[in-house]
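Inside the fold
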Amino acid sequence: MPQVGLFIPCYVDQLYPRVGMATVELLERFGCEVEFPEGQTCCGQPMANTGCTAEARPLAERFLEIFGRYEYVVGPSGSCVAMVRHHYEELLGVSSGSDSSGSCRPGFEDLKKKTFELCEFLTDVLKVDRVDIRFPYKVGLHQSCHGLRELRLASSSEIMGPAHGKAEQLLKLCEGLELTRLERPDECCGFGGTFAVNEEAVSCLMGHDRIRDHLHAGTEVLTANDMSCLMHLEGLIRRDKKPLRVMHIAEILAGDKP
Amino acid sequence: MKHAASAELFILDAPRTKWHDETLWFVRTKRDRAARQLPEWETLRETAAAIKAHTMSRLGDFLEQFEANAKKLGAVVHWAADAEEHNRIVLEILQSHGVKKLVKSKSMLTEECHLNPHLERHGIEVVDSDLGERIVQLAKEPPSHIVLPAIHFKKEDVGALFHKHLGTDAGASDPQYLAEAARGHLRGKFMAADAGLTGVNFAIAETGGFVICTNEGNADLGVSLPKLHIACMGIEKIIPRTADLGVFLRLLARSATGQPITTYSSHFHGPVAGGEMHIVLVDNGRTGILKSDEFRRSLNCIRCGACMNTCPVYRRSGGHSYHATVPGPIGSILSPAQDAAKHDSLPFACSLCGSCTDVCPVKIDLHHQLLTWRKEIADRGLLPRTKVWSMKLASAVLKRPRLYRLAGFFARKIVPHLPRFMIYNRFNAWGKQRELPEFPKESFRQQFKSRKRQ
């Protein structure tokens with residue numbers, strides 16, 4: 001039985017408990033033993049993305065300490081998992097560039113290898129090929145950028161090669177689910193962490209444009225593997241009273257209905 | 001002015017912003033179609049990045065090889081440490097030849113050095129002969145894009161501008177008609193020019209020759225009639241061998257506009273018979289970038305503009321919102337290297353979506369470099385104090401799980417009961433156009449705990 005240390009992003013913990021619970025249900029349904037280490041808070045991405053390395057570092061250190069002991073670390077967020085896998089290196093004292101001797105914090109390389117975003121854990125580690133879920137709705141998949149272009153959970157439209165996508169692969173297992181076709185399949189929603197408030201005008205316009213694309217494509221339920229993008233988009237949708245429901249992909253796969 | 005404020009102004013004109021976004025997205029989709037036709041596209045990108053990395057690893061040697069070979073071909077080679085020296089060298093060459101009228105083909109380097117105003121101050125007429133460049137020159141504006149300098153102009157804007165300056169019919173906005181008018185106007189300038197100045201797309205170390213890519217043939221016209229040709233180039237434009245050229249030519253036009261190749265790829269090897277060719281090699285901060293492990297790869301840039309066309313922020317804020325010679329993702333890396341305090345908002349004018357990195361034909365990790373610039377800006381003490389303190393506070397709370405839980409608990413208890421005006425006001429940028437999430441009664445960790453107890 002795979003033993004999973006559950007990594008729940010801070011804002012999911014505080015604002016979207018259902019997404020966390022759906023993640024637990026899914027992992028358990030597919031045979032995992034799930035533990036939620038209480039000491040966890042935030043991966044440190046907001047600080048790191050603002051350039052405040054000193055403020056992000058202690059959070060990265062805590063993360064390694066807390067999650068180091070699990071067989072797998074799984075989180076329902078491409079962005080936060082990308083932070084751990086791709087950006088902890090420099091926070092945890094592994095120098096880039098000139099010094100490649102690898103003065104790596106013990107356990108970090110191991111942590112990097114065993115930390116997964118939920119969808120990729122389901123498709124690549126647990127090899128899920130049936131979900132026994134009926135979801136008879138037109139679903140629009142928002143490709144969250146960090147999952148897409150950092151973790152490569154799907155092929156990005158810029159890179160030439162065969163198309164693939166782990167979230168799409170899972171959604172297609174749901175009976176009756178129809179994926180909508182977007183004009184711009186993987187344009188950013190404009191959330192971008194602190195960008196959402198620093199560049200409020202551009203951020204909201206980007207969000208409005210995504211929503212329009214989805215409405216045009218006939219999307220009834222908008223989903224993604226990052227709740228942060230959906231928080232931003234849902235904020236716009238609710239303000240403008242647009243006919244779109246927003247659900248994290250874990251909720252759909254766990255059997256929730258809109 | 002910071003990027004966010006300029007962007008907000010740009011967005012005020014919603015229909016124009018939509019048009020700007022869609023126009024550039026159209027260029028991006030053309031690029032996608034062109035790239036898809038080459039099964040070897042990703043291999044080409046890999047190869048180009050490898051050639052550039054190799055070139056940068058011994059740039060000095062290649063530059064000297066280029067200089068020696070260019071001299072053998074009869075060119076005069078000048079070295080300029082900065083923009084000021086570049087402008088002085090060009091002015092001296094022009095003055096010593098008694099030049100009064102100069103035609104230029106597109107050169108972002110001379111934009112970077114602000115050459116035009118310098119020459120005009122010394123009584124030399126400068127005419128930019130690229131159509132887009134001529135439009136912004138007549139409008140007395142800087143280019144808003146490095147490949148499509150007048151992309152922010154609608155055809156009606158160009159019609160009004162040409163009516164004023166070139167005497168076209170009032171209200172005429174037919175692109176064919178306007179292009180013909182510009183062509184007639186520019187032919188006169190070409191005929192009367194005493195010298196031609198061009199940029200350089202690729203300078204080849206092993207031959208001493210260089211290549212200029214245009215779609216209008218204006219570089220060829222500009223340097224074919226006068227006997228004096230000045231070519232100005234940043235030192236990063238060097239490639240080692242002629243054999244490398246094919247890799248870059250195939251990537252450049254496809255990435256820039258979705259064309260298989262630019263209409264003109266003109267090769268120059270020494271001066272025309274009885275004429276003079278001067279090549280000015282310009283550093284202007286590039287060796288500083290070359291020294292840096294973090295930012296060296298930004299010198300790979302071949303100025304195709306693909307990162308601008310794909311950037312969701314650039315498309316919705318316009319080139320001028322960057323207040324820099326090179327806007328967009330690559331400009332937001334290069335400009336702070338010139339003056340970090342002036343351009344401190346640019347690395348933050350980015351949602352870190354990474355589309356620029358994936359589109360870049362020479363594989364510059366643009367969004368990671370933008371992130372690295374944010375750290376630089378923080379390290380140099382250039383972050384606004386509000387940002388510094390909010391991050392310090394957040395970190396202090398997040399380091400202490402009990403404090404974090406308590407803060408979340410009180411937020412969930414209090415916020416839902418606050419009157420709307422206390423949440424949605426001018427201090428809450430999130431809530432200007434967006435609702436806050438509906439605060440749940442319990443956090444995930446509370447739910448998880450009580451579920452276990454059941």
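What you are looking at is a predicted structure, and each value in this text was computed from that prediction instead of being measured. (Residues numbered from 1 in each chain as written. Chains lettered and ligands numbered in written order. Predicted model: local features only at pLDDT ≥ 70, side-chain atom pairs only at ≥ 80, totals over all residues.)

**Section: the domain arrangement of chain B**
With domains assigned, chain B is organised as domain 1 (38–284) and domain 2 (392–453). Averaged C-alpha coordinates put domain 1 of chain B and domain 2 of chain B at centres separated by 55 Å. (Domains from an automatic or database assignment.)

**With respect to the sheet that holds strand E2 (residues 101–104) of chain B**
Hydrogen bonds between backbone groups are what pair the strands of a sheet, and the pairing can be parallel or antiparallel. All names here are of chain B. One open sheet accounts for 6 strands, arranged E1-E10-E7-E4-E2-E3; its pairing is parallel. Edge positions in the sheet fall to strand E1 (76–80) and strand E3 (125–128), since each has one partner strand and no second. When the angles between neighbouring strand axes are averaged without regard to direction, this sheet yields 20°. In the sheet, E2 pairs with E3 via 4 bridges, with the strands oriented parallel. Note on E3: the bridge partner recorded for Val103 is Val127. (Pairing = 2+ DSSP bridges. Helix = DSSP H or I, 4+ residues; strand = E, 2+ residues; numbered from the N terminus. Axes fitted to C-alpha atoms, helices over the stretch in contact; angles between N-to-C directions.)

**With respect to the pairing of E2(B)**
Relative to strand E4 (residues 195–198) of chain B, E2(B) runs parallel, the two sharing 3 bridges. Each residue of the ladder has a partner; that of Val103(B), found in E4(B), is Gly196(B).

**Details of the interface of chain A and chain B**
Across the boundary between the two partners, chain A contributes 59 residues, which contact 59 residues of chain B. Those elements that provide at least two residues to the side of chain A that touches chain B are helix H1 (10–15), helix H2 (17–29), helix H3 (45–50), helix H4 (53–67), helix H8 (145–150), helix H10 (195–198), helix H11 (200–217) and helix H12 (227–240) of chain A. Of the residues in the side of chain A that touches chain B, the class split is 29 nonpolar, 18 polar and 12 charged. (Contact = placed C-beta atoms within 7 Å. Nonpolar A, V, L, I, M, F, W, Y, C, P; charged D, E, K, R; others polar.)

**Quick notes on the environment of Tyr322(B)**
All names here are of chain B. Its location among the elements puts Tyr322 in the loop between helix H15 (312–317) and helix H16 (328–338). Tyr322 sits 319 residues away from His3 along the chain, and the two C-alpha atoms are 5.7 Å apart. The residues touching Tyr322, leaving out its near neighbours within four places in the chain, are His3, Pro327, Gly328, Gly331, Ser332 and Leu346.

**Let's talk about the domain arrangement of chain A**
All names here are of chain A. Per the domain assignment, the segments of chain A are domain 1 (3–125) and domain 2 (138–253). Centre-to-centre separation of domain 1 and domain 2, based on C-alpha positions: 22 Å. Contacts between domain 1 and domain 2 engage 25 residues on the former and 21 residues on the latter. For the side of domain 1 that touches domain 2, the elements supplying multiple residues, two or more each, are H1, H2, H3, helix H5 (78–91) and helix H7 (118–125). When the residues that make up the side of domain 1 that touches domain 2 are grouped by side-chain class, the tally is 13 nonpolar, 9 polar and 3 charged.

**Considering the sheet that holds strand E6 (residues 178–179) of chain A**
Residue and element names in this part refer to chain A. Strand order in the open sheet made by the 4 strands is E6-E5-E7-E8, with parallel pairing throughout. The open sheet has two edge strands, E6 and strand E8 (245–248), and neither has a second partner. Where strand E5 (residues 138–142) meets E6, 2 bridges bridge the pair, whose relative direction is parallel. Across the sheet, Lys138 pairs through a bridge with Glu178, a residue of E6. Across the face of the sheet, H12 comes into contact with E5, strand E7 (221–224) and E8 while running at roughly 170° to E8.

**Considerations on the packing of H11(A) against H12(A)**
When two helices pack together, you describe them by how their axes are tilted relative to each other and by the distance separating the axes. Residue and element names in this part refer to chain A. At a minimum axis distance of 10 Å, the contact between H11 and H12 shows a crossing angle of 80°. Taken together, the axes of H11 and H12 are roughly perpendicular relative to one another. Side by side, H11 and H12 meet where Cys204, Gly207, His208, Arg210 and Ile211 of the first sit next to His232, Leu233, Leu236 and Ile237 of the second. Of the residues that constitute the contact of H11 with H12, the class distribution is 5 nonpolar, 3 polar and 1 charged. (Parallel < 35°, antiparallel > 145°, perpendicular 65-115°, else oblique.)

**Points about the environment of Gly190(A)**
Here Gly190(A) lies in the loop between E6 and H10. Along the backbone, Gly190(A) and Leu233(A) are 43 residues apart, and their C-alpha atoms lie at a distance of 8.8 Å. For Gly190(A), the residues in contact, after removing those within four places along its chain, are Val202(A), Ser203(A), Cys204(A), Met206(A), Gly207(A), His232(A), Pro312(B) and Ser351(B).

**Focus on the nonpolar core**
In this structure, Val74(A), Leu233(A), Cys232(B), Met233(B) and Cys307(B) are the most contacted members of the largest nonpolar core, which totals 200 residues. Leaving out residues up to four positions away in the same chain, Cys232(B) has contacts with His86(B), Val90(B), Ser107(B), Leu109(B), Thr110(B), Leu197(B), Gly199(B), Val280(B) and Val282(B). (Core = buried A, V, L, I, M, F, W, Y, C linked by C-beta atoms within 7 Å. Buried ≥ 20, exposed ≤ 12 C-beta atoms within 10 Å, placed from the backbone.)

**Considerations on the packing of H16(B) against helix H18 (residues 366–379) of chain B**
All names here are of chain B. Put simply, H16 and H18 touch, their axes get as near as 9 Å, and they point 35° apart. Judged by the twist between their axes, the crossing of H16 over H18 is left-handed. Contact with H16, carried on its side by Pro329, Ile330, Ser332, Ile333 and Pro336, involves Leu366, Gln369, Leu370 and Trp373 of H18 and no other residues of that element. Each residue belonging to the contact of H16 with H18 can be placed in one class, and the counts come to 7 nonpolar, 2 polar and no charged. (Left-handed = near helix turned anticlockwise from the far one by under 90°.)

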